[in-house]
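# Structural description and commentary
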Amino acid sequence: GRSCHILQEMDVIQEREENCYCYVQNRTMHLQYIWSTLQVKVNSREIFRFEPISDKSNCRNSETVFEFAACAVQIFWKPETSTETFLSIKQYGEDICFKIQPFKTELYTVSVKREMLDGKLLFLFIAGIFLFHFANSLSRSTKFFYLSGIILGVLALLVFVLLTLKRFIPRHSTFWILMIGCWMSSLYFIYCFKENMQWLWSEHRTYLLGYFLSVGLASFTTCYQHGPLTTELSIALFAWTLQLTAFVLIYCGVTIPQVAYAVIAASLCSKGLCYPLGAACHIGR
């Protein structure tokens, strides 16, 4: 019901009262910002509550059942109060608004600075390029199979459990319906974990380490009992899954979606060039 303070690059704002802040994206695209992010830091000597503001915060306005479920879960997935929080904003993402609610009339500071080269984005982009071009060889590697099983078990436990119990599900249609549900649930929880990763690591580090260790060991044990992939069909499906994952990493590793689409298209073309080039060499000979 009131206007929020518009954040600009290099802003350093000091405030004592409850207030809301927004960063409005610049719609003009520049290639130098392809791996650039804005880092917003809020700190105070006393505790405060950081509350994101979204147009979809009212669950009654949800258009689908999944949006309603995601909204309902998001209500209970609120980080606890703290004295310091960080927010990373992609250059060409959505407009971001949030509210700061101090519990005491203590001074808090909101600072904004640009990180021209975000290491996490660059790592995702390079990992996506590498994974796409080496998917065929990695799909035949036993060590990479075990590593993929551990990562899948940690990040998408429901999907890993369903794949483990596939032999006990007689109908393929039932399996694929359950698989779609498990993937949607896992992707949403991965999103929630990504949004609150810093708070979870600082406040519940012991529980996170225990989860990673226990689930990682259980996943490795299960993969070791089943053994690596042997049939050509399963290896091909694994390679296609790795390539799709590579596309997701490439898309998440840049701030400009058009650049991601161009890189994905170029990667697909480079894969297909081997056939016409081979035919041209054969005709030349």
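Up top is the structure.
Residues numbered from 1 in each chain as written. Predicted model: local features only at pLDDT ≥ 70, side-chain atom pairs only at ≥ 80, totals over all residues. Heavy atoms only, no water.

## Remarks on the packing of aromatic side chains
Each aromatic ring pair is described using two quantities: the centre-to-centre distance and the angle formed by the ring planes. Spelled out, the test is: Ring pairs are drawn from Phe, Tyr and Trp, using the six-membered ring of Trp, whenever the two centres fall within 6.5 Å, and their geometry is named by plane angle: stacked under 30 degrees, edge-to-face over 60, tilted for the rest. Helix and strand assignments come from DSSP, with helices taken as H or I runs of at least 4 residues and strands as E runs of at least 2, each series counted from the N terminus. Think of it in three bands: residues with accessible area under 20% of the maximum for their type are buried, residues over 50% are exposed, and the middle band is partly exposed, with areas taken using a 1.4 Å probe on protein chains only. Counting as a charge over the ring demands two things of the Lys NZ or Arg CZ atom: a distance within 6 Å of the ring centre and an angle within 35 degrees of the ring normal.
Across all of its chains, the model carries 13 aromatic pairs by this definition. Residues Trp35 and Phe125 carry aromatic rings whose centres are separated by 5.4 Å and whose planes lie at 65° to one another, so their mutual orientation is edge-to-face. With Trp35 in the loop between β3 (19-23) and β4 (37-53) and Phe125 in helix α2 (residues 119-133), this pair connects stretches of sequence that are 90 residues apart. Its relative accessible area of 13% is what places Phe125 among the buried residues. An aromatic cluster of at least three residues, connected via ring pairs, comprises Phe144, Phe145, Tyr146, Phe220, Tyr224 and Phe238. Over the face of the ring belonging to Tyr33 we find Arg114, whose NZ or CZ atom lies 4.3 Å from the ring centre.

## Some thoughts on the packing of α2 against helix α9 (residues 232-252)
Filter applied, for reference: Between the N-to-C directions of two axes lies an angle of 0 to 180 degrees, each axis being a line fitted to C-alpha atoms and, for a helix, fitted only over the stretch in contact. Orientation categories follow fixed angle ranges, with anything under 35 degrees roughly parallel, anything over 145 roughly antiparallel, 65 to 115 roughly perpendicular, and all other angles oblique. Two helices that cross are described as forming a left-handed crossing if the nearer one is turned anticlockwise from the farther one by less than a right angle, and a right-handed crossing if clockwise. When checking whether two residues touch, look at their non-hydrogen atoms; a contact exists if any pair is within 4.5 Å. Think of it as three bins: nonpolar holds Ala, Val, Leu, Ile, Met, Phe, Trp, Tyr, Cys and Pro, charged holds Asp, Glu, Lys and Arg, and polar takes everything else, Gly as well.
Packing of α2 against α9 brings their axes to within 7 Å, and their N-to-C directions diverge by 155°. The angle between α2 and α9 places the two elements in the roughly antiparallel class. The chirality of how α2 crosses α9 is left-handed. Residues Leu121, Leu124, Phe125, Ala127, Gly128, Ile129, Leu131 and Phe132 of α2 form the contact with α9, whose own contacting residues are Leu242, Gln243, Thr245, Ala246, Phe247, Leu249, Ile250 and Cys252. The residue inventory of the contact of α2 with α9, partitioned by class, reads 13 nonpolar, 3 polar and no charged.

## Quick look at the side chain of Ser36
Just so we agree on the cut-off: In protein, a polar contact means a hydrogen-donor-capable atom and an acceptor-capable atom, both N or O and within 3.5 Å, with residues adjacent in sequence counting only if both atoms are side-chain atoms; elsewhere, any N or O pair within 3.5 Å suffices.
For Ser36, the position within the fold is in the loop between β3 and β4. Look at Ser36 and you get buried, because its relative accessible area is 0%. One polar contact links Ser36 to Arg114, side chain to side chain, over a distance of 3.0 Å. Within the local environment of Ser36, its side chain forms a polar contact with the backbone oxygen of Glu115, the two atoms lying 3.4 Å apart. Beyond its immediate stretch of four places on either side in the chain, Ser36 contacts Gln91, Arg114, Glu115, Met116 and Thr255.

## What about the nonpolar core?
Note the cut-off: In plain words, nonpolar cores are sets of buried Ala, Val, Leu, Ile, Met, Phe, Trp, Tyr and Cys residues tied together by side-chain atoms within 4.5 Å. Domain boundaries shown here were taken from an automatic or database domain assignment.
Formed by 20 residues in total, the largest nonpolar core has its most connected members in Leu131, Phe144 and Leu242. Here this core gets 5 residues from one element, more than from any other, and that element is α9. A domain-level breakdown of this core finds at least three residues from each of domain 1 (5-117) and domain 2 (122-279). The contacts of Leu131, once residues within four sequence positions are left out, are Leu138, Phe144, Leu242, Thr245, Ala246 and Leu249. In this structure, Tyr21, Val40, Leu87 and Ile89 belong to the second largest nonpolar core, which totals 16 residues.

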